[in-house]
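Each chain, letter by letter, is given below.
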Amino acid sequence: MKKLTTTLLALTAASALVLSGCSSDRGGDSGGDSTGGGESAAAGFEEGATIGVALPQKTSENWVLAEELFNDGLTEAGFKPIVQFANGGVSEQQSQIDAMVEQGAKVIIVGAIDGTQLGSQLKSAADQGVKVIAYDRLLENTDAVDLYVAFDNFRVGELQGEALLTGLAERKGEGPYNIELIAGSPDDANSTPFFEGAMSVLQPKIDDGTLTVVSGQTSQEQVATQGWKAENAQKRMDTIVSGSYGDGTELHGILSPNDTLARAALTSVSQAGLPTPVITGQDSEVESVKSIVAGEQYSTIYKDTRELVAESIRQVQLAQKGEDFEANDTESYDNGVKVVPAFLLDPIIVTQENAADVYANDPTLGPLTQ
Ligand code: BGC
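Residues numbered from 1 in each chain as written. Predicted model: local features only at pLDDT ≥ 70, side-chain atom pairs only at ≥ 80, totals over all residues. Heavy atoms only, no water.

Caption draft 1: Quick peek at the overall build of the protein. Along its length, the protein carries twelve helices and 14 strands. By the burial criterion, 53% of the 370 residues in the protein qualify as buried. Put simply, of all contacts in the protein between residues at least 6 apart along the chain, 72% involve residues at least 24 apart. If you sum the accessible surface of the protein, you get close to 14800 Å²; carbon and sulfur atoms cover 46% of it. (Helix = DSSP H or I, 4+ residues; strand = E, 2+ residues; numbered from the N terminus. Buried < 20%, exposed > 50% of the residue type's maximum accessible area, 1.4 Å probe, protein only. Contact = heavy atoms within 4.5 Å. Areas by Shrake-Rupley, 256 points an atom, 1.4 Å probe, with all protein chains shown as cover.)

In structure tokens, the structure reads:
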């Protein structure tokens, strides 16, 4: 995964590139920089068509909210939504996608559990002329994906790395500092850009001695959290805390890729009787926002699910009218088979200082920060 440039992110929807599709019903009068092959304008598909949304497991609040927003938003836009979680795992998600194709879905939006495991389902979808949008997580090793709609994952990691450094300076005085690292689930395509984004900021500080990872666990493989499960992060942290900090060594900071894992790590540290470290997060989960306001968790990331779902539905509407999908980044997301055109949104870092401003218009989080 290549580093994303902020310039690309500055592009707005208005200046977004208009994509040609990979199927033959695309092209035509797109009104933008069409890369289409000059085929006649596509007919799109009927209003009221079925749209499938395959969501992963409920590993964080953003997915739960997405279910409701997709159901409401697609219905409001006149479509017939089929929105399903795959709590049973990858094989359940595979059969759900097959069933969506059988039920005549015109677009399938996929938040994959494991983006490498859906190749044959996506191929049969594409063979039937179904368009596929990767939602939040990239679909890998397949050319049967037309668009990726997500927040900029590498930038999320960079913001987390920067927040950890700022938090350490603010709350722990002058360095050097002792830290530990946590990464997301290895089967989630997002875990790598999150970790690499953060390490692009932290590694130079490890190299120059400002930061020490006392456990010595610094590779993504060593610090990964299978299934994004809180209990897995907590268990690993319990072992580290007793093994590396049991002798009074101070733990100053923890890089956590999301809020669920941040709270798990904080539980482990406080059960061991250690002072609260500076810890990052992501998702703006209610409990973590309260913790940030109370001065415990240091930071989170705001990726407004309402925006991400609305953007996905806007793209479905373009396809319905026979227009091309729009992307604002056509170079960063190589999925192993092709560079998937992406429409990326900007993540926002949130700390105690800016929480009230950032969440001012969020109906759930706004009131918590007033
Ligand atoms: C999402 C994160 C979320 C994680 C666990 C990732 O793919 O981008 O926002 O914290 O999954 O659910």
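Caption draft 2: Geometry of the side chain of Gln 282. Mapped onto the fold, Gln 282 is located in the loop between strand 10 (278-279) and helix 10 (286-293). For Gln 282, a relative accessible area of 1% puts it in the buried group. When sequence neighbours within four positions are dropped, the list of residues in contact with Gln 282 reads Val 156, Gln 160, Phe 194, Pro 257, Asn 258, Asp 259, Thr 300, Ile 301 and Lys 303.

Caption draft 3: Representation of helix 2 (residues 61-76). Compared with the 22 Å implied by 1.5 Å per residue over 16 residues, the 23 Å span of helix 2 between its first and last C-alpha is a close match. Considered for burial, the residues of helix 2 that qualify are Asn 62, Trp 63, Ala 66, Phe 70, Gly 73 and Leu 74. As for helix 2, its buried residues are in contact with strand 2 (50-55), strand 3 (80-85), strand 4 (107-110), strand 5 (131-135) and helix 11 (305-320). Of the residues flanking the end of helix 2, it is Gly 78, one or two places downstream, whose phi is positive at about 90°. (Expected span 1.5 Å × (residues − 1).)

Caption draft 4: Local environment of the layout of surface pockets. Within this model, the largest pocket holds a volume of roughly 290 Å³. Lining the largest pocket we find 17 residues, and of these Leu 65, Ser 284, Asp 362, Thr 364 and Leu 365 sit closest to its centre. Secondary structure elements with two or more residues in the lining of the largest pocket: helix 2 and helix 11. The greatest single-element share of the lining of the largest pocket, amounting to four residues, is contributed by helix 2. Looking at which domains feed residues into the lining of the largest pocket, each of domain 1 (50-145 + 304-346) and domain 2 (153-302) gives three or more. Each pocket or cavity is described by its volume, and for the second largest pocket that value is around 150 Å³. Around the second largest pocket, the lining residues are Pro 56, Gln 57, Thr 59, Ile 113, Arg 137, Ser 185, Asp 187, Gln 226, Gly 227, Trp 228 and Lys 229. Grouping the constituent residues of the lining of the second largest pocket by class yields three nonpolar, five polar and three charged. No fewer than three residues from each of domain 1 (50-145 + 304-346) and domain 2 (153-302) sit in the lining of the second largest pocket. (1 Å grid on protein atoms, 1.4 Å probe; cavity = no way out; pocket = protein on both sides within 12 Å on 5 of 7 lines; lining within 4 Å. Points joined across faces, edges and corners; volume = space filled by probe spheres on them. Domains from an automatic or database assignment. Nonpolar A, V, L, I, M, F, W, Y, C, P; charged D, E, K, R; others polar.)

Caption draft 5: Region of interest: empty space enclosed by the protein. Inspection of every chain in the model, using the stated rule, returns five cavities of 30 Å³ or more. Around the largest cavity, the lining is made up of 14 residues, and of these Ser 60, Asn 62, Trp 63, Arg 137 and Trp 228 lie nearest the centre. Classifying every residue of the lining of the largest cavity gives three nonpolar, six polar and five charged. Counting contributing residues, the lining of the largest cavity receives three or more from each of domain 1 (50-145 + 304-346) and domain 2 (153-302). Taken as a whole, the second largest cavity spans an internal volume of roughly 70 Å³. What lines the second largest cavity is Asn 62, Trp 63, Ala 66, Tyr 135, Asp 136, Phe 151, Lys 303, Thr 305 and Leu 308. Of all the secondary-structure elements, those providing two or more residues to the lining of the second largest cavity are helix 2 and helix 11.

Caption draft 6: Representation of the nonpolar core in the model. Core analysis: the biggest nonpolar cluster contains 28 residues, and Ile 51, Phe 70, Val 107, Ile 109, Ile 133 and Tyr 135 have the highest contact counts within it. Of all the secondary structure elements, the ones that give two or more residues to this core are strand 2, helix 2, strand 3, strand 4, strand 5, strand 6 (147-151), helix 11 and strand 13 (342-345). At five residues, the largest contribution of residues to this core is made by helix 11. Here Val 107 is in contact with Phe 45, Thr 50, Ile 51, Gly 52, Val 130, Lys 131, Ile 133, Val 316 and Ala 319, once residues within four sequence places are set aside. (Core = buried A, V, L, I, M, F, W, Y, C linked by side-chain atoms within 4.5 Å.)

Caption draft 7: Here's a closer look at the site of the ligand. If you check the shell around the ligand, you find 14 residues, and the closest are Thr 59, Ser 60, Arg 137, Asp 188 and Asp 283. Contacts to the ligand include Thr 59, whose side-chain N or O atom sits 2.7 Å from an oxygen atom. Under a 2 Å grid-point criterion requiring more than half of the atoms, the pocket assigned to the ligand is the largest cavity. Considering only residue class, the shell around the ligand consists of three nonpolar, six polar and five charged. (Near = heavy atom within 4 Å. Polar contact = N/O pair within 3.5 Å; in protein donor to acceptor, adjacent residues only side chain to side chain. Sits in = over half its atoms within 2 Å of the grid points.)

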